[in-house]
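Structural features, examined
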Amino acid sequence: MSATVIDGNQLSRQLRGDIALRASRLAAAGHQPGLAVIVVGDNPASKVYVRNKVKACADAGFHSLHEAYPDDFAEAALLDRIAALNADPAVHGILVQLPLPVHIDANRVIEAIAPAKDVDGFHIANAGALMVGGAAAAAGFKPCTPYGCMKLLESVGCDPRGKHAVVIGRSNIVGKPMAMLLLQAHATVTICHSATPDLAAHTRLADIVVVAVGRRNTLTAEMVKPGAVVLDVGMNRDDDGKLCGDVDFAGVSPVASAMTPVPGGVGPMTITMLLMNTLEAAERVARRSSANVESIRS
Ligand code: GUN
């Protein structure tokens, strides 16, 4: 038997329908959600991602700003733009597409974004909130790709509680926050990376495997426990130039119980959770302003 294919496009459509409805209610109350997306340089992949993010905003009824700057754009000028967007009440979320050109310190840029507008969830305040868990985590923003992975697990009824989850990859964008979210959901979590000597020894014990490495065929059939759920965050090209993930999909499918395809799995969920975080940021502003109105009235 082959694994159930976890359809990220279908789940995205469903979630984006709810998001658009909530956005229209907010807009009617004078708080249309707004996202500013900044891209610096000519990275072709970044340009495609940013275009998709801006289109998704329009489809969900959000206001969006798209700022594109040349490769030699100065870091100080970028920090000035972020300060202006931090102060702009029509902007609830700010996203600076990574990677940035090497002359710009990405950490300095991320830390310049107001945590309340950091809908990527990369600011140290949001990363820290996720680490602390509980009420702190609920008040922060979760990074979009791992957040989307948690929604994909939920969509197939996979509750991480008591399960052994293996995350392959330790980036700040995916691997580390993914591990934290699984831990919060009461999984036993192992993080593997490029210096892990025997990857298969870990993955063979895993009920859930999340692969976020950026290398084809990182996970193959003999590395997977029968019945495991496999999420593929990779985005690569095969020898024919076709899009593929980090998992040998055809090989793993007869072993796993459920798995995401590439494309059509995790990818669409990343943008969906970006919309969700931006909506949440706008709803928080709207709640604060209606609380202020109530306090002025009373
Ligand atoms: N580059 C690759 N993934 C992401 C992401 O989720 N957010 C940003 N800002 N840059 C990225």
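Our structure's up above, just so we're on the same page.
Quick summary incoming for the structure in this document. Every value quoted in this text rests on a predicted model; they were computed, and no experiment measured them. (Residues numbered from 1 in each chain as written. Predicted model: local features only at pLDDT ≥ 70, side-chain atom pairs only at ≥ 80, totals over all residues. Heavy atoms only, no water.)

Describing the site of the ligand
So the rule is basically this: Definition of nearness: a residue and a molecule or strand are near each other if at least one heavy atom of the residue lies within 4 Å of the molecule or strand. In protein, a polar contact means a hydrogen-donor-capable atom and an acceptor-capable atom, both N or O and within 3.5 Å, with residues adjacent in sequence counting only if both atoms are side-chain atoms; elsewhere, any N or O pair within 3.5 Å suffices. We get accessible surface area from the Shrake-Rupley algorithm with a probe of 1.4 Å; when it comes to residues, only the shown protein chains can shield them. Only Asp, Glu, Lys and Arg are considered charged, only Ala, Val, Leu, Ile, Met, Phe, Trp, Tyr, Cys and Pro nonpolar, and every remaining residue, Gly among them, polar.
Close to the ligand lie Lys53, Leu95, Val96, Gln97, Leu98, Asp120 and Phe122, which account for all nearby residues. Contacts to the ligand include Gln97, whose side-chain N or O atom sits 3.3 Å from a nitrogen atom. Residue Asp120 places a side-chain N or O atom 2.6 Å away from a nitrogen atom belonging to the ligand. Here the ligand, which alone exposes 280 Å², has 82% of that area covered by the protein. Among the residues forming the shell around the ligand, the class breakdown is four nonpolar, one polar and two charged.

Remarks on the sheet that holds strand β6 (residues 188-192)
The line we're drawing: For two strands to be treated as a pair, DSSP must find no fewer than two bridges joining them. Each helix is a run of DSSP H or I of at least 4 residues and each strand a run of E of at least 2, with the numbering of both proceeding from the N terminus.
With respect to topology, six strands assemble into an open sheet ordered β1-β11-β8-β7-β5-β6, the strand pairing being parallel. Each end of this open sheet is capped by a strand with a single partner; those strands are β1 (4-5) and β6.

Topic: the environment of Val211
To keep it simple, the criterion reads: Here's how the labels work: a residue is buried when its accessible area is under 20% of the maximum for its type, exposed when over 50%, partly exposed in between, all with a 1.4 Å probe on protein chains only. Throughout, a contact is declared for two residues whenever any of their heavy atoms are within 4.5 Å.
Take Val211: it is sitting in strand β7 (residues 208-211). A relative accessible area of 0% places Val211 in the buried class. Expressed as a C-alpha distance, the spacing of Val211 and Val247, which sit 36 residues apart in the sequence, is 7.4 Å. Residues contacting Val211, with those up to four places away along its chain left out, are Ile168, Thr218, Leu219, Leu231, Asp232, Val233, Gly234, Asp246 and Val247.

Observations regarding the pairing of strand β8 (residues 229-232)
By the alternation rule, side chains of β8 split into Val229 and Leu231 and Val230 and Asp232, which are all buried. Direction of pairing for β7 relative to β8: parallel, over a ladder of four bridges. In the sheet register, Val210 faces β8, and the bridge partner there is Leu231. Pairing of β8 with strand β11 (residues 258-259) involves two bridges; the strand directions are parallel. When the bridges of β11 are listed, Val229 appears paired with Ala258.

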